[in-house]
Amino acid sequence: MSTDLLSPFKLNNSIELQNRVLMAPLTRCMADDNLVPTQAMVDYYARRADVGLIISEAIIIRADAQGYPNTPGIFTSEQVQGWKKVTDAVHANGGKMFAQLWHVGRVAHPHFFGGDVLAPSAIGVEGSVPRMRELTYITPKAATKDDIKGLVADYAKAAENAMEAGFDGVEIHGANGYLIDQFLHYAANERDDEYGQTPENMSRFALEVTDAVIDVVGNERTAMRLTPGAYFNMSEDNRDKAVFDYLLPELENRKLAYLHGGIFDDSMRFDSLEGKSTSEFLRAGYASTLVGVGSYSFETAKQAINDNKFDLIAIGRPLIANPDYISKIKNGEEVTPYSDEMLAELV
Ligand code: FNR
Ligand code: 8K6
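Residues numbered from 1 in each chain as written. Chains lettered and ligands numbered in written order. Predicted model: local features only at pLDDT ≥ 70, side-chain atom pairs only at ≥ 80, totals over all residues. Heavy atoms only, no water.

- By the naming in an unreviewed UniProt entry, the protein chain is N-ethylmaleimide reductase, taken from Pseudoalteromonas haloplanktis.
- As recorded by UniProt, the Cofactor (unreviewed entry) comment attached to the protein chain reads in full: "FMN".
- If you open the UniProt record of the protein chain and go to Sequence similarities (unreviewed entry), you find "Belongs to the NADH:flavin oxidoreductase/NADH oxidase family." (UniProt positions renumbered as here; feature names shortened; annotations may be inferred.)

In structure tokens, the structure reads:
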């Protein structure tokens, strides 16, 4: 029988989703200058409360986590209160929302916070900050063990703040070439201590963060986003697969709410993953709830879920273009195609 994506899905004993369509995390760079969510953001998220779960745009856990202008934070009480308005509005409209917890690592820029840029190793990334091209990326400082302890503690604190702000759970941003992903890939991790060199060591930071977050919010309210195939701010290395072969069962043992592949186009295949796509690779190594993402339409997602390629779908750009995506699908109406100019405004 074909699965109805628009009927409820029980994630676990704590959380039931009204349907299988998630809003993918989408950075919009629209927080105010104190990195506090605005009323326009409250309205934007509230309009989309009919998806099964909104995953917030990536939210920085502390000042040196920032790599883009006006990305919201969750480390001051003003920011927490700002997010409370967002989650209250989403809940009032019958929705649920997770906070995506973010540290960009070596893709940070001191322009935003005035201090060291921390990463697993002192290996910079080419290029410059989007929309602020004069800000060229710098060589980061390799995090000391004390720095790492502080980072883990700050992820836990951010998770605690997310609960205070009324979120239903948190998604740890372990994808797209940012801090956690930097530990997981050889191109960014040349450490010679217990955080580098072997799959177990390279997974250590991701798992320490996961365990610290679980301690605060519980496993049923903790999720992870990963990109095993390097494609953004990162280059591929054929040794990377072994790291994820180690990490996936470790994550599965922790009985998370879900695992989420982060990718722009899930038809992309990776040499470093023996020619598999992101969702194929994750499905092969992780039997629990998996969220697919990356250039899917409602119809192609439905087919993939029916073929058991993953369990839930996250939709990104079409939800920027169509705040009423779910009702359009329900009514069989055409969805408006996304275009980059739509990023200029929150609709
Ligand atoms: C993204 N994506 C993204 N991913 C993430 O983990 N955290 C984020 O904050 C963002 N921000 C973001 C902003 C914008 C403007 C885009 C287009 C994308 C990636 C996103 O979650 C998703 O994986 C892709 O957009 C692919 O899904 P769609 O858009 O093809 O449905
Ligand atoms: C839109 C600029 C604000 C910063 C957003 C950060 C998240 C990344 C989204 C930008 C989209 C470009 C993605 C390019 C991916 C290349 C895949 C081959």
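Still to come is the rest of the account.
1. Considerations on the overall build of the protein chain
Right, so step 1: Counting its secondary structure elements, the protein chain contains 10 helices and 14 strands.
Right, so step 2: Seen through its C-alpha atoms, the protein chain measures out along the principal axes to roughly 55 × 45 × 40 Å.
Right, so step 3: When burial is assessed residue by residue, the protein chain has 59% of its 347 residues classed as buried.
Right, so step 4: Considering only contacts in the protein chain between residues 6 or more positions apart, those separated by 24 or more positions represent 72%.
Right, so step 5: A total of about 13400 Å² of accessible surface is found on the protein chain, and carbon and sulfur atoms cover 47% of it.
Right, so step 6: Between the averaged position of the 32 positive side-chain charges in the protein chain and that of its 50 negative side-chain charges there is a distance of 3 Å. (Helix = DSSP H or I, 4+ residues; strand = E, 2+ residues; numbered from the N terminus. Buried < 20%, exposed > 50% of the residue type's maximum accessible area, 1.4 Å probe, protein only. Contact = heavy atoms within 4.5 Å. Areas by Shrake-Rupley, 256 points an atom, 1.4 Å probe, with all protein chains shown as cover. Lys, Arg positive; Asp, Glu negative; His and termini not counted. Charge placed at Lys NZ, Arg CZ, Asp CG, Glu CD.)

2. A look at the sheet that holds strand E4 (residues 53-60)
Right, so step 1: Strand order in the closed barrel made by the 8 strands is E3-E4-E5-E8-E9-E10-E13-E14, with parallel pairing throughout. Averaged over all pairs of adjacent strands, the angle between strand axes in this sheet comes to 25 degrees, irrespective of strand direction.
Right, so step 2: Strand direction decides the pairing type here: E4 and strand E5 (residues 97-102), joined by 5 bridges, are parallel. Bridging across to E5, Ile 59 finds its partner in Leu 101.
Right, so step 3: Strands in contact with helix H1 (residues 39-46) are strand E3 (21-23), E4 and E5; relative to E4, the strand with the most contacts, it is inclined by about 150 degrees.
Right, so step 4: Running at roughly 165 degrees to strand E9 (residues 222-226), helix H6 (residues 240-253) makes contact with E9 and strand E10 (258-261) of the sheet. (Pairing = 2+ DSSP bridges. Axes fitted to C-alpha atoms, helices over the stretch in contact; angles between N-to-C directions.)

3. With respect to the site of ligand 2
Right, so step 1: Contacts to ligand 2 come from Thr 27, Cys 29, Tyr 68, Arg 131, Tyr 231, Phe 232 and Phe 264.
Right, so step 2: The protein chains hide 62% of the 530 Å² of surface that ligand 2 would expose on its own.
Right, so step 3: Taking a 2 Å distance to the grid points as the criterion, the majority of the atoms of ligand 2 fall inside the largest pocket.
Right, so step 4: Partitioning the shell around ligand 2 into residue classes produces 5 nonpolar, 1 polar and 1 charged. (Near = heavy atom within 4 Å. 1 Å grid on protein atoms, 1.4 Å probe; cavity = no way out; pocket = protein on both sides within 12 Å on 5 of 7 lines; lining within 4 Å. Sits in = over half its atoms within 2 Å of the grid points. Nonpolar A, V, L, I, M, F, W, Y, C, P; charged D, E, K, R; others polar.)

4. Observations concerning the layout of surface pockets
Right, so step 1: Estimated volume of the largest pocket: approximately 880 Å³.
Right, so step 2: Lining the largest pocket are 36 residues, with Pro 25, Leu 26, Thr 27, Asn 176 and Phe 264 positioned closest to its centre.
Right, so step 3: Contributing elements (two or more residues each) for the lining of the largest pocket: E4, E5, strand E14 (312-315) and helix H9 (317-321).
Right, so step 4: No other element matches H9, which puts 3 residues into the lining of the largest pocket.
Right, so step 5: Grouping the amino acids of the lining of the largest pocket by side-chain chemistry returns 22 nonpolar, 8 polar and 6 charged. (Points joined across faces, edges and corners; volume = space filled by probe spheres on them.)

5. Topic: the site of ligand 1
Right, so step 1: Surrounding ligand 1, one finds 19 residues, the nearest of these being Pro 25, Thr 27, Arg 225, Ser 295 and Arg 317.
Right, so step 2: The contact in question runs from an oxygen atom of ligand 1 to an N or O atom on the backbone of Ala 58, over 3.2 Å.
Right, so step 3: Residue Ser 295 places a main-chain N or O atom 2.7 Å away from an oxygen atom belonging to ligand 1.
Right, so step 4: Contact with the protein chains covers 92% of the free accessible surface of ligand 1, which is 610 Å².
Right, so step 5: Its residues assigned to classes, the shell around ligand 1 shows 10 nonpolar, 7 polar and 2 charged. (Polar contact = N/O pair within 3.5 Å; in protein donor to acceptor, adjacent residues only side chain to side chain.)

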